[in-house]
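# Summary of structural features
Spelled out from the first residue to the last, the chains are:
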Amino acid sequence: MALYLTTLCYIEKDGQYLMLHRVSKKNDINRDKWIGVGGKFEKDESPEECLIREVREETGYTLTSWKCRGVVTFISGKGTSEYMWLYTADGFTGTPIPCDEGVLEWVDKEKVPGLNLWAGDRIFLKLLDTREEFFSLKLVYDADDRLVTAVLDGKEIPAE
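Residues numbered from 1 in each chain as written. Predicted model: local features only at pLDDT ≥ 70, side-chain atom pairs only at ≥ 80, totals over all residues. Heavy atoms only, no water.

Bringing the state of the cysteines into the picture now. Taken as a whole and assessed by the stated rule, the structure comprises zero disulfides. Unpaired in terms of disulfides, Cys 68 finds its nearest cysteine sulfur in Cys 9, a separation of 10 Å. On the accessibility criterion, Cys 68 (24% relative accessible area) is partly exposed. Cys 99 takes part in no disulfide bond, and the closest cysteine sulfur, belonging to Cys 9, lies 13 Å away. According to the relative accessible area criterion, Cys 99 is buried, its value standing at 10%. (Disulfide = S-S within 2.5 Å. Buried < 20%, exposed > 50% of the residue type's maximum accessible area, 1.4 Å probe, protein only.)

Further remarks concern helix α1 (residues 47-59). Helix length check: α1 (13 residues) gives 18 Å between terminal C-alpha atoms against 18 Å at 1.5 Å per residue, within 8%. Looking at the buried residues of α1, the elements they touch are β1 (2-13), β2 (16-21), β4 (37-40), β5 (61-75), β6 (80-94) and β7 (103-108). Two residues or fewer past α1, Gly 60 is found with a positive phi of approximately 90°. (Helix = DSSP H or I, 4+ residues; strand = E, 2+ residues; numbered from the N terminus. Expected span 1.5 Å × (residues − 1). Contact = heavy atoms within 4.5 Å.)

Here we take up the side chain of Ser 76. Relative to the assigned elements, Ser 76 resides in the loop between β5 and β6. Owing to a relative accessible area of 18%, Ser 76 belongs among the buried residues under this scheme. Polar contacts involving the side chain of Ser 76 include one to the main-chain amide nitrogen of Lys 78, which spans 2.9 Å. (Polar contact = N/O pair within 3.5 Å; in protein donor to acceptor, adjacent residues only side chain to side chain.)

Among the secondary structure elements, Lys 33 is positioned in the loop between β2 and β3 (34-35). Overall, the relative accessible area of 17% leaves Lys 33 in the buried class. Sequence-wise, Lys 33 and Leu 117 are 84 residues apart; in three dimensions their C-alpha atoms are separated by 5.4 Å. Aside from chain neighbours lying at most four places away, what touches Lys 33 is Leu 20, His 21, Arg 22, Asn 116, Leu 117 and Trp 118.

Printed below as a string of structure tokens:
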């Protein structure tokens, strides 16, 4: 079984999130999905170091203000697991650069649910909008990438 450690960040500005439409890489598990920016830890990185590096590599921005909002555990029916540190950021400097993983676009927060998202992403995006306190979310997908179980802070919730 493969285990991944990752970060994901939703950068906020003027009621919008910076979203990444994953359209560039072949054999991308996130192909055609809209997600935040982030990626896998490198050797000896802390979550914050990974966050800052990944955001800079994918967007050209250097974060100046961020908050860790939760930890998301993904279990895949394809034999992989991932622990993801989930952040929001509301401060950054720099000039945007093209992203080699897809197209970056500022999207009004109320339009984000209408995008092609993972089912579990819909759950944690709603939590980012409605909840201030830190959360732990476990998302279990089957081999066909269907969300079958969602557990928030140790209690099962509807797998929307």
